[in-house]
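Observations on chain architecture
The chain contents come next:
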Number of protein chains: 2
Amino acid sequence: MAKDKKKKIMRPKAIPPKGFRDYFGTDVAERNLMLTQITEVYHRYGFDALESPAVETVEALGKFLPDVDRPNEGVFSWQDDDDAWMALRYDLTAPLARVYSQFRNDLPSPYRRYAMGPVWRNEKPGPGRYRQFYQCDADTVGAPSVAADAEICSMLSDTLEAVGIPRGDYLVRVNNRKVLNGVLEATGVSDDFKRANVLRTIDKFDKVGIEGVSQLLGAGRLDASGAYIDGVELSEMQIAPVLAFLTSKGTNASATISNLRTAVGNSEIGLQGISELEMIGELMEAGGYGSDRVEIDPSVVRGLAYYTGPVYEAELTFEILNEKGQRRQFGSVSGGGRYDDLVKRFTGQEVPATGVSIGVDRLLAALREKGRMLYKLRGPVVVTVMDRDRLADYQQMVSELRNAGIRAEMYMGNPKNFGNQLKYADKRGCPVAVIEGGDEKASGIVQIKDLALGARLSSQIETTEEWKSQPAQMEIKRTDLVDEVKKMIARSEGSM
Amino acid sequence: MAKDKKKKIMRPKAIPPKGFRDYFGTDVAERNLMLTQITEVYHRYGFDALESPAVETVEALGKFLPDVDRPNEGVFSWQDDDDAWMALRYDLTAPLARVYSQFRNDLPSPYRRYAMGPVWRNEKPGPGRYRQFYQCDADTVGAPSVAADAEICSMLSDTLEAVGIPRGDYLVRVNNRKVLNGVLEATGVSDDFKRANVLRTIDKFDKVGIEGVSQLLGAGRLDASGAYIDGVELSEMQIAPVLAFLTSKGTNASATISNLRTAVGNSEIGLQGISELEMIGELMEAGGYGSDRVEIDPSVVRGLAYYTGPVYEAELTFEILNEKGQRRQFGSVSGGGRYDDLVKRFTGQEVPATGVSIGVDRLLAALREKGRMLYKLRGPVVVTVMDRDRLADYQQMVSELRNAGIRAEMYMGNPKNFGNQLKYADKRGCPVAVIEGGDEKASGIVQIKDLALGARLSSQIETTEEWKSQPAQMEIKRTDLVDEVKKMIARSEGSM
């Protein structure tokens, strides 16, 4: 070994970059199933597919990254050969704005598209928080009426039920950014930067409560860790209407609307926002979507500065245990709203648009948490190799099974240790093993083994003889292979 | 306008980075359909899904980029916050090697996985040549026997037929790198660099013919553009066996094998390669895959240096017209082979592996070229807006249609110009438009319009009155909406 020194090169580490992970078998199948279910609803609602590339120019992506103040912070970016900066998309909305601007003369108007796929965030990863995750979006570009927003709310409701969240376990909550703007107008907060800070503060309502929001809108507060968080420095006169707005949810829609009217006073934009909310309520009702599915909730503001009108989010209302073992609501799995300015960046023309994004991985986590992901990945029928000189015989069996539509394979590892073949079948969740030794071949028979039945014992079995003594094993005619395997799979599925 | 100078900011260009493109509606649906068809076959063959992230460490990706001599050339890479280099995956094999090495103690052995998704190449884009494209791979890691290679060949055959390439329009060609190594051994070419050059030269056989290969193996040749291409500088004694190998394809498998025996002489590795090819032939025959689907072809070498045994590719044999209007064979849509060294980079242990990659976008292009993509994207039923004060009425109709499983939407643009609503329906390929004016509402009726019938004329119609006079329009009871729309869609589909 000593003389092999020059071969002692550093080996690469077999790990993905931090914050990235792999998905295996069932996880992939479950996500694909969910993406299919979601896009089936989007399609039924009239949206067409769009797939834009993972990479965009930094210029086209712009400064719209959510929850980040500085431009280009939070994206993975690099320079192309010609020095142009390119980046991985951080969401599916910024690429839509680029695509719509580029192809607006050829696309139908309004343009209704759905998109699904991974997005990337250059953020600090944490438990359950990855730097690549799936989104599934639907947007209508060129739709001035809030009918388009109302439609998204009912679509969200239908989508959640389609993926397996029963009515009562979710709520789509809708609000209108214009109402808050009306409140701020009425109280004389006109500075854009200050308004953005108010938005961000209100967004913390869930976490810090009404008292916390009140302090953060004023001088600031000590947070749980003892650090002092600076406030937005509104006066008490300015804070009161914001809090009134935030707590204006009534026992029903019309009570809420009435409370909101008080909060906005005479602000024109505020009153317009309220009448849009009324319209959304009316349309939801016409479509049969009652307050058990969709409700007006003034505490929904969504952090993104680019929303200009209705905003909405879908929340799962059942409780789960968090990392500390405390019961808490699962929370938001989807959000969106109206953004009339995104396309304007490119074209100079204001184009009304509205849309929604579903966080697919979070929704999957919720379904798993509730034991509602019922996808069962079944392993293949394994044709074992008893005699390595007769691979052709085994291959022929596998082909017959596959041609009959049965998932099947010949054992591809080293066949020497028969126990390993059975351990393999066990690990794969194989329903049936096929065994044909030399004697069986000569007699025109094969053994088939119900592995679901035998799984419990299989790890203790060492020899072929022991294996054959298991009661779940049957001797069949070689010519009946396909039929008998089919029957055994059906029995095994029935008994599960 | 002049005083608006400060608003004259540079607008971002609405284009994707060069070499990237968008896919709309039908294109996306067709590709998803193909991915589903391919993975259905992979699944039936016993492979499980794996989805690794788009991003890997540069270290883990290594220097395996096909057809590129320099490390990291050809990938999109950048530095993470902690200065570690990361990059977009350029294929699905390098990530598999990383995943297998990382999880080898938990994965079944052999590990059989399929993967699908985009890969990225930092290469000069060209016509039809993009920097992001789809691959769909299947690999078996930990399978020493060429039975695993044979299986891939039959799977390739089944897959091509599953996506719509009829038997006779494709051929899976298989060869063994060991045979060529045997030929080189027999002729005394032992230098690795020289061997790699020989490989690359042989790979040009399709383009330059036997005479061209002969020149390139020797002193070099003038290419069509007049440039002189340096040769590999083999002697004539060394070139002759290589050419013999390259042209050893006989009229049937046993003739080919016999010719190959002559070419490798006494080389042990060469003889081993030949016996592996014989085994593959035997297994193909046992599975019922005749020479109309899979054949041994010594001219298949695959450029990649990492292949160590059997190599295979799937070729479409029908002719298409190229850019210059010349007839040529469509060529390769898939390739793969055995690579026993990829995992060793990480673990130090040699792990036998074999697998295949299908170039999904190229295969889609082939099917479109032959008019075999029959996917028809049908637009939604459009409920037009005749009276903007009655959006709730229209929304209710849309909800009824959707709840009955019918793809439907309310027109979401500005409803003022009714002609625009019809143009929109036309552009979307909508089968039916629903029209309800105030009079109809009062009488409890609606108009439904067969747009497939009316499409021809619709672009010339300007007024509602003209539209109503079209023969494809029917007056129905409002309560019969769902049933009548269903019937009209069925009629329209039947007449297409």
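Reading the values: the criteria
Residues numbered from 1 in each chain as written. Chains lettered and ligands numbered in written order. Predicted model: local features only at pLDDT ≥ 70, side-chain atom pairs only at ≥ 80, totals over all residues. Helix = DSSP H or I, 4+ residues; strand = E, 2+ residues; numbered from the N terminus. Buried ≥ 20, exposed ≤ 12 C-beta atoms within 10 Å, placed from the backbone. Pairing = 2+ DSSP bridges. Axes fitted to C-alpha atoms, helices over the stretch in contact; angles between N-to-C directions. Core = buried A, V, L, I, M, F, W, Y, C linked by C-beta atoms within 7 Å. Least-squares fit on C-alpha atoms with pLDDT ≥ 70 in both. Contact = placed C-beta atoms within 7 Å. Nonpolar A, V, L, I, M, F, W, Y, C, P; charged D, E, K, R; others polar. Parallel < 35°, antiparallel > 145°, perpendicular 65-115°, else oblique. Left-handed = near helix turned anticlockwise from the far one by under 90°.

A word on the environment of glutamate 151 of chain A
Residues and elements named next belong to chain A.
- Among the structural elements, glutamate 151 can be located in helix 4 (residues 147-162).
- Exposure remark for glutamate 151: the 29 C-beta atoms within 10 Å place this residue in the buried category.
- Between the alpha carbons of glutamate 151 and leucine 61 there is a distance of 27 Å; along the sequence they are 90 residues apart.

Some points on the pairing of strand 14 (residues 353-359) of chain B
Residues and elements named next belong to chain B.
- Across the seven residues that make up strand 14, a large majority, five, are buried.
- Alignment of strand 7 (residues 132-141) against strand 14, held across seven bridges, turns out to be antiparallel. If you follow aspartate 137 over to strand 14, its bridge partner there is serine 357.
- Relative to strand 14, strand 13 (residues 327-338) runs antiparallel, the two sharing five bridges. The residue bridging arginine 338 from the neighbouring strand is threonine 354, located in strand 14.

Some remarks on the sheet that holds strand 17 (residues 432-435) of chain B
Residue and element names in this part refer to chain B.
- As summarised here, the arrangement of the five strands in space is 16-15-17-18-19, forming an open sheet in which the pairing is mixed. Of all the strands in the sheet, just strand 16 (408-410) and strand 19 (473-477) have a single pairing partner and so form its edges. Each strand of the sheet is rotated relative to its neighbour by a mean of 25°, with strand direction disregarded.
- Inspection of the sheet shows strand 15 (residues 381-383) paired to strand 17 by two bridges, in the parallel sense. Each residue of the ladder has a partner; that of valine 382, found in strand 17, is alanine 433.

A closer look at the nonpolar core
- Counting 261 residues, the largest nonpolar core has Cys153 and Val383 of chain A together with Cys153 and Val383 of chain B as the members making the most contacts within it.
- Take this core: its biggest share by element is nine residues, from helix 4 (residues 147-163) of chain B.

Focus: the relation of the copies chain A and chain B
- It takes a turn of 180° to lay chain A on chain B, together with a shift of 0.0 Å along the axis; the resulting RMSD is 0.1 Å. Taken together, the turn and the small shift mark the pair as related by a two-fold rotation axis. For chain A, the minimum C-alpha distance to the rotation axis belongs to tryptophan 78 of chain A and amounts to 2.9 Å.
- A share of 100% of interface residues in chain A that are also interface residues in chain B marks the association as one of identical surfaces.

Things to note about the interface of chain A and chain B
- Taken together, the contacts link 79 residues of chain A with 79 residues of chain B.
- The dominant element in the side of chain A that touches chain B, judged by the number of residues it contributes, is helix 13 (residues 391-403) of chain A, at six residues.
- Among the residues making up the side of chain A that touches chain B, the classes are represented as 39 nonpolar, 22 polar and 18 charged.
- Pairing of strand 1 (residues 23-24) of chain A with strand 2 (residues 48-51) of chain B involves two bridges; the strand directions are antiparallel.

Observations regarding the packing of helix 4 of chain A against helix 10 (residues 268-286) of chain A
All names here are of chain A.
- Running from N to C, helix 4 and helix 10 cross one another at 50°; their axes reach a closest spacing of 9 Å. Classified by the angle between their axes, helix 4 and helix 10 sit oblique to one another. Remark: the crossing between helix 4 and helix 10 carries right-handed chirality. Residues Ala147, Asp149, Ala150, Cys153 and Ser154 of helix 4 touch helix 10, and the partners they reach there are Ile280, Leu283 and Met284.
- Within the contact of helix 4 with helix 10, the residues separate by chemical class into six nonpolar, one polar and one charged.

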